[in-house]
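Below are the chains, spelled out letter by letter.
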Amino acid sequence: MGLLRKIAALVSLPVTFADFFTAETGAQYGISLARKLQLAQRMRHNRQYVQTASSFPEQLAMVTQILKIPASTEGCLVECGTWKGGSAINLSLAAELCGRKLHIFDSFSGLPPSECANYGSVGEETSGSYVEGDFCGRLEEVTENIRKYGRIENCVFHQGYFCDTLPKFQEPCAFVFLDVDLIESLHDCLRFLWPNLQKGCYLFTHEARDWQIAAAFYDRVWWQTALDLSPPGLIGAGSGLGLHPSVGGAISDLGCTVKR
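Reading the values: rules and limits
- Residues numbered from 1 in each chain as written.
- Predicted model: local features only at pLDDT ≥ 70, side-chain atom pairs only at ≥ 80, totals over all residues.
- Heavy atoms only, no water.
- Buried < 20%, exposed > 50% of the residue type's maximum accessible area, 1.4 Å probe, protein only.
- Helix = DSSP H or I, 4+ residues; strand = E, 2+ residues; numbered from the N terminus.
- Contact = heavy atoms within 4.5 Å.
- Axes fitted to C-alpha atoms, helices over the stretch in contact; angles between N-to-C directions.
- Parallel < 35°, antiparallel > 145°, perpendicular 65-115°, else oblique.
- Left-handed = near helix turned anticlockwise from the far one by under 90°.
- Disulfide = S-S within 2.5 Å.

> Go over helix α7 (residues 183-193), please, and point to the residues and values.
Burial within α7 is extensive, with eight of its eleven residues counted as buried. Residues of α7 that are buried include every one of Ile183, Ser185, Leu186, His187, Asp188, Cys189, Leu190 and Leu193, and no others. Looking at the buried side of α7, the elements it contacts are β1 (76-80), α6 (162-165), β6 (173-178), β7 (197-205), α8 (211-216) and α9 (220-227).

So this is what it looks like as structure tokens:
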């Protein structure tokens, strides 16, 4: 029965994730196909236990890129905005397989006050406003969730607002995941993490369909002023990566860019 479940899980995965199961993905870390099947199955089950904003396909897409990081590339994994720790649980499993640390940044008291708390999806009528304290997951709750379902020993926690914690963080990064909602928070993350991101490595955002967040990756004035760089653009800007079937195409909230 266990083998049948694994086969069913494999067959049910979208074609998009064929890359996850190629021999090259994870090969440098000695990760076999059987181990990847176990990982995917565990990741899918974990989402039943802890509330998370990102879907299983979105999380698997990110883990795929983590397993493809060359073993020779120095750097840790970073998540900014963890809520209840749902995505961090599965990222911590990938961190263990790759022998890397996952650094988790969050206030653990919800979103900070903001002067630009409105949000809206590109091409859609959905819009609204965030409220201070939204998406609150207390540190004790998050650590307990990761301890039960992930790999707490591979995690390092940074409590506080990004503007206070990120300037002190100087470690090279091999992967970054931002689920931060607010444009000011995104700017803080990009300002302090982009210089630490290794060349050829991925930065993901879970607000690819939010017009303010998507536009920030093309804002020449901000990138020149803050980092003296040209904007990198965003794969999936406005629609997200095509991970979920939808009328007129495939969408998701996940987008990414690569440090060149």
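> Give a detailed account of the packing of helix α4 (residues 86-98) against helix α5 (residues 139-149), specifying residues and quantitative values.
Closest axis-to-axis distance for the α4/α5 pair is 9 Å, and the angle between their directions is 45 degrees. Classified by the angle between their axes, α4 and α5 sit oblique to one another. Between α4 and α5 lies a crossing whose hand is right-handed. Contacts between α4 and α5 pair Ala88, Ile89, Ser92 and Leu93 from the former with Asn145, Ile146 and Tyr149 from the latter.

> If you had to explain the state of the cysteines to someone new, which residues and values would you point to?
Evaluated as defined, the whole model comprises zero disulfides. Not engaged in a disulfide, the cysteine Cys80 finds its nearest cysteine sulfur in Cys189; these two sulfurs lie 3.8 Å apart. Relative accessible area serves as the criterion here: at 0%, Cys80 is assigned to the buried category.

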